[in-house]
Amino acid sequence: MSALVLDNGAYSAKIGYARDGVSIIPNCQFRSKTSRLKTFTANQLDEIKDPSGLFYILPFQKGYLVNWDVQRKVWDHLFGKEMFKVDFADTSIVITEPYFNFSSIQESMNEILFEEYQFQAALRINAGSLSAHRYFHENSSELCCIVVDSGFSFTHIVPYCRGRKMKDGICRSVRALTPTEFQVSVILPQNPICYPWEGGKLLSENPDFEEMVVTREDYEENGHFICEEKFDI
């Protein structure tokens, strides 16, 4: 069975089959300011010579997926014949969600993935967990670390910092809050945008992957309960 990894970000979707590479695609729709009948989805914007007359509509607000109409259209485009040509009868999906996600959003995602698209298995997981999985896969000797990926937000502690300055600022702030006997390690990957996706790819290749997912059969038999039991984040 093929595994499709989707880091479903608030501004961009990082998507690709585990056996292949990753694509970064706008997770939004674009509409014309003059003619609202004209709509462009995701990377269809590349076809537009002058995008100045467009405005965009995001499926996310304040970090949570709230506009399912837009998200469905983006997913239809990504999963369809123009992009990844997903064979749902032979595909599992690893998809990200925020920490402390609302149960109503989780239930809607379960229904759409299993009932509308009919993926054969799914794993919902936080992007930060995927980053940590990627890091510890490569650095098994580390006991504790903070991985700064594309979804990392530390602005309430370290405002206006980027790159190396952000890494140093986070390290100082965490060091001040951490008991001296704990080692603090802050990692800034070379490609933080795709780092969680790489973690998802590695996770899908894990020998225990089949034990982590919820299959369509499990979902049809047990409903949302089985998803919350396995995807408790």
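Residues numbered from 1 in each chain as written. Predicted model: local features only at pLDDT ≥ 70, side-chain atom pairs only at ≥ 80, totals over all residues. Heavy atoms only, no water.

With an unreviewed UniProt entry as reference, the protein is termed Actin-related protein 6, source organism Denticeps clupeoides.

What is the right way to read the overall build of the protein from this model?
Counting its secondary structure elements, the protein contains eight helices and 13 strands. Looking at the protein as a whole, 44% of its 233 residues qualify as buried. Sequence-distant contacts, at least 24 apart, represent 63% of the contacts inside the protein between residues at least 6 apart. Here the protein has roughly 13000 Å² of accessible surface; of this, 51% comes from carbon and sulfur atoms. (Helix = DSSP H or I, 4+ residues; strand = E, 2+ residues; numbered from the N terminus. Buried < 20%, exposed > 50% of the residue type's maximum accessible area, 1.4 Å probe, protein only. Contact = heavy atoms within 4.5 Å. Areas by Shrake-Rupley, 256 points an atom, 1.4 Å probe, with all protein chains shown as cover.)

Just checking my understanding: could you explain helix α2 (residues 103-116) for this structure?
Two residues of an α-helix separated by three or four positions point the same way, owing to the 3.6 residues in each turn. For α2, spanning 14 residues, the distance from its first C-alpha to its last is 19 Å, which sits close to the expected 20 Å at 1.5 Å a residue. Along α2, the positions that sit buried rather than exposed are Ile-105, Gln-106, Met-109, Asn-110, Ile-112, Leu-113 and Phe-114. (Expected span 1.5 Å × (residues − 1).)

What exactly am I supposed to notice about the sheet that holds strand β3 (residues 23-26) here?
Strand pairing in a sheet relies on backbone hydrogen bonds. The paired strands run either parallel or antiparallel. Across the sheet, which stays open at both edges, the six strands sit in the order β3-β2-β1-β9-β10-β13 with mixed pairing between neighbours. The strands lining the two open edges of the sheet, one partner per strand, are β3 and β13 (214-215). Sheet analysis places strand β1 (residues 2-8) next to strand β9 (residues 91-96), joined by five bridges and oriented parallel. Each residue of the ladder has a partner; that of Val-5, found in β9, is Val-94. The sheet strands contacting helix α1 (residues 68-79) are β1, β2 (12-17), β3 and β9, and the helix crosses β1 at an angle near 140 degrees. (Pairing = 2+ DSSP bridges. Axes fitted to C-alpha atoms, helices over the stretch in contact; angles between N-to-C directions.)

Any chance you could explain empty space enclosed by the protein here in plain terms?
The probe, sized like a water molecule, is rolled over the atoms to show the empty space still left. Using the criterion set out here, one finds one cavity of 30 Å³ or more in the structure. Looking at the largest cavity, the residues that line it are Asn-8, Phe-60, Leu-65, Thr-96, Glu-97, Pro-98, Asn-101, Ile-105 and Met-109. The class makeup of the residues in the lining of the largest cavity is five nonpolar, three polar and one charged. (1 Å grid on protein atoms, 1.4 Å probe; cavity = no way out; pocket = protein on both sides within 12 Å on 5 of 7 lines; lining within 4 Å. Points joined across faces, edges and corners; volume = space filled by probe spheres on them. Nonpolar A, V, L, I, M, F, W, Y, C, P; charged D, E, K, R; others polar.)

Looking at this structure, I do not really get the pattern of salt bridges. What am I missing?
Pairing between side chains of opposite charge can happen when the charged atoms of each approach one another. Evaluation of the coordinates by the stated rule reveals seven salt bridges. In this structure, Arg-72 and Glu-116 form a salt bridge, with 3.0 Å as the shortest nitrogen-oxygen distance. Residue Arg-72 is located in helix α1, and its partner Glu-116 is located in helix α2; the two are separated by 44 residues in the primary sequence. A residue is classified by how much of its surface remains accessible, and Arg-72, at 25% relative accessible area, is partly exposed. Between Glu-220 and Arg-216 there is a salt bridge, and its shortest N-O distance comes to 3.5 Å. (Salt bridge = Lys/Arg side-chain N within 4 Å of Asp/Glu carboxyl O.)

In this structure, what is going on with the environment of Ile-95? I would like to understand it.
Structurally, Ile-95 can be placed in strand β9. Residue Ile-95 is classed as buried on the basis of its relative accessible area, which comes to 0%. Each C-alpha atom, one on Ile-95 and one on Leu-123, is 6.2 Å from the other, the two residues being 28 residues apart in sequence. Not counting residues up to four positions away in its chain, the partners in contact with Ile-95 are Leu-6, Asn-8, Trp-75, Met-109, Leu-113, Leu-123, Arg-124 and Ile-125.

What is the right way to read the nonpolar core from this model?
One broad rule of soluble globular proteins: the nonpolar side chains tend to lie buried together. Residues Trp-75 and Phe-79 are the most contacted members of the largest nonpolar core, which totals 45 residues. Of all the elements in the fold, those that place two or more residues in this core are β1, β2, α1, β9, α2, β10 (121-125), α5 (195-204) and α8 (224-230). Among the elements that line this core, the one with the most residues is α1, at six residues. Setting aside chain neighbours within four positions, we find Phe-79 in contact with Leu-4, Leu-6, Ile-15, Phe-84, Lys-85, Val-86, Phe-88, Ile-93, Tyr-117 and Phe-119. Of all hydrophobic cores here, the second largest spans five residues; its members include Cys-28, Phe-30, Phe-40 and Leu-54. (Core = buried A, V, L, I, M, F, W, Y, C linked by side-chain atoms within 4.5 Å.)

What am I meant to see in the packing of aromatic side chains here?
Each aromatic ring pair is described using two quantities: the centre-to-centre distance and the angle formed by the ring planes. Within the structure shown, the criterion is met by 13 aromatic pairs. Measuring from centroid to centroid gives 4.8 Å for Phe-114 and Tyr-219, while their planes differ by 15 degrees, and the two rings are stacked. Within this pair, whereas Phe-114 is found in helix α2, its partner Tyr-219 is found in helix α7 (residues 216-222), the two being separated by 105 residues in sequence. Here Tyr-219 falls in the buried class, since its relative accessible area comes to 7%. In this structure an aromatic cluster arises from ring pairing among Trp-68, Trp-75, Phe-79, Phe-88, Tyr-117 and Phe-119. In this arrangement the basic side chain of Arg-19 is found over the ring face of Tyr-17, its NZ or CZ atom lying 4.4 Å from the centre. (Phe/Tyr/Trp six-rings, centres within 6.5 Å; stacked < 30°, edge-to-face > 60°. Lys NZ or Arg CZ within 6 Å of the ring centre and 35° of its normal.)

Just to check I follow, could you spell out α5 for this structure?
Most of α5 sits out of view: nine of its ten residues are buried. Within α5, the full set of buried residues consists of Tyr-195, Pro-196, Trp-197, Gly-199, Gly-200, Lys-201, Leu-202, Leu-203 and Ser-204.

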